[in-house]
There are 2 protein chains.
Amino acid sequence: MRRDVFQAIADPTRRAIIALIALQSLTPNTIAENFNTSRQSISKHLRILTECELVHQEQQGREIYYSLKIEKMKEIDAWLEQYRKIWETRFNQLENVLSTIKKQAK
Amino acid sequence: MRRDVFQAIADPTRRAIIALIALQSLTPNTIAENFNTSRQSISKHLRILTECELVHQEQQGREIYYSLKIEKMKEIDAWLEQYRKIWETRFNQLENVLSTIKKQAK
DNA sequence: ATTTTGCGCAACCAAAAAGTTGCATATATA
DNA sequence: TATATATGCAACTTTTTGGTTGCGCAAAAT
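For every chain, the first residue of its written sequence is number 1, and the numbers climb from 1 along that sequence. To label them, take the chains in the order written and letter them from A, then take the ligands in the order written and number them from 1. Totals for whole chains, interfaces and linings use all residues, but because this is a predicted model, local features are given only for residues with pLDDT of at least 70 and pairs of side-chain atoms are given and counted only at 80 or more. Note: side-chain values were computed over all heavy atoms of the structure, leaving out hydrogens and water.

Distances are taken per atom, and a residue is near a molecule or strand as soon as one of its heavy atoms is within 4 Å of it. Neighbouring residues of DNA strand C: 25 residues in total, closest Lys-44, His-45 and Gly-61 of chain A together with Ser-43 and Tyr-66 of chain B. When atoms of DNA strand C within 4 Å of the protein are split into backbone and base, the sugar-phosphate part holds 58%. At 3.3 Å from a base oxygen of DNA strand C is found a side-chain nitrogen or oxygen belonging to Gln-40 of chain A. Under this definition, polar contacts are N or O atom pairs within 3.5 Å; protein pairs additionally need one hydrogen-donor-capable and one acceptor-capable atom, and for neighbouring residues in sequence, both atoms have to be side-chain atoms. Arg-39 of chain B has a polar side-chain atom sitting 3.1 Å from a base oxygen of DNA strand C. Counting from the N terminus, the helices are the DSSP runs of H or I reaching at least four residues and the strands are the DSSP runs of E reaching at least two. Among the secondary structure elements, those contributing two or more residues to the surface near DNA strand C are helix 4 (39–51) of chain A together with helix 3 (28–33), helix 4 (39–51) and strand 2 (63–68) of chain B. Ranked by residue count, the leading element in the surface near DNA strand C is helix 4 of chain A, at five residues. Ten residue types, Ala, Val, Leu, Ile, Met, Phe, Trp, Tyr, Cys and Pro, are classed as nonpolar, four, Asp, Glu, Lys and Arg, as charged, and the remainder, Gly among them, as polar. Of the residues in the surface near DNA strand C, the class split is five nonpolar, 11 polar and nine charged.

Written out as structure tokens, the structure reads:
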């Protein structure tokens, strides 16, 4: 059972859940109301998100509030960093080319 | 058949392929040499990456060179942006709290 | 011209994932 | 106390995915 952040965000429903609980804690039922799927399937997605340590649970009476562990999202950001470097370099190279052309035009 | 960038990067082999061809174009055979899986399975991953428009193919005789379309990676970056805003805001809030504590300490 | 090489594609298979159904458990409420 | 509500969990089904095998085709090498 692969269980990492990349796997977690691969599913569109999970990305939508992430977006929902990014700013406020919500219960499974409330989350499920936003989708046209069953509570149980949302529950399953929440379990996966929990296993990936992407969400935090807080029991309050018989309700469980789920919220996003935003720090975990930084893992994706960190992975992306290497590619960000590449596209920035390419952009700079393009800039150099453009400025060279400019100079030659004078 | 869902086919988006998030689905593409969900598989560790595909992430490794992306890393491999990020800086230089490679043929399927060369890519496959870096893994202990068959050429065909790599070929299949390349097809998925192509369908997601994450890679670019360039035929050269009977060889096909694959390279990363780095711009596509920016889609992930764009998606991440909304969460980056959140964690930066939270950091600033923490900063405010800390500076308030500092002031009170004086 | 024949053989080898690089590749994609389709068919198949096993494993995993997504969703459903049914239940158990704990907390509220009447 | 009996009932309703919120939830997790396990079993089952269907769909998707990753991988293999076996082709066919075109380009290179012999």
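Moving on, we come to the relation of the copies chain A and chain B. The copies were overlaid by least squares, fitting only the C-alpha atoms of residues that reach a pLDDT of 70 or more in each copy. The two copies are related by a screw motion: chain A maps onto chain B through a turn of 180° and a shift of 0.0 Å along the axis, at an RMSD of 0.1 Å. These values place the two chain copies in the arrangement generated by a two-fold rotation axis. Closest approach to the rotation axis within chain A is made by the C-alpha atom of Ala-10 of chain A, at a distance of 2.9 Å. It only takes one pair of heavy atoms within 4.5 Å for two residues to be counted as in contact. Taken as a fraction of all interface residues of chain A, those also at the interface in chain B reach 100%, which identifies the copy contact as same-surface.

Turning our eyes to something else, we now look at the packing of helix 2 (residues 12–21) of chain B against helix 4 of chain B. Residue and element names in this part refer to chain B. With their axes 10 Å apart at the nearest point, helix 2 and helix 4 run at an angle of 75° to one another. Here helix 2 lies roughly perpendicular to helix 4, going by the angle between them. Each of Thr-13, Arg-14, Ile-17 and Ile-18 in helix 2 lies in contact with helix 4, whose residues at this interface are Ile-42, His-45, Leu-46, Ile-48 and Leu-49. By residue class, the composition of the contact of helix 2 with helix 4 is six nonpolar, two polar and one charged. Fitted lines through C-alpha atoms give the axes, limited to the stretch in contact for helices. The angle between two N-to-C directions lies from 0 to 180 degrees. Any angle that is under 35 degrees is reported as roughly parallel, and any over 145 degrees as roughly antiparallel; angles of 65 to 115 degrees are reported as roughly perpendicular and all others as oblique.

Before going further, it helps to examine the protein's contact with DNA strand D. Residues in close proximity to DNA strand D total 25 residues, the closest being Ser-43 and Tyr-66 of chain A together with Ser-38, Lys-44 and His-45 of chain B. Each atom of DNA strand D within 4 Å of the protein was assigned to sugar, phosphate or base; sugar and phosphate come to 62%. One nitrogen or oxygen atom from the side chain of Asn-29 of chain A is found 2.8 Å from a phosphate oxygen belonging to DNA strand D. At 3.2 Å, a side-chain N or O of Gln-7 of chain B approaches a phosphate oxygen of DNA strand D. Going through the elements one at a time, helix 3 (28–33), helix 4 and strand 2 (63–68) of chain A together with helix 4 of chain B are the ones with two or more residues in the surface near DNA strand D. Grouping the constituent residues of the surface near DNA strand D by class yields five nonpolar, 11 polar and nine charged.

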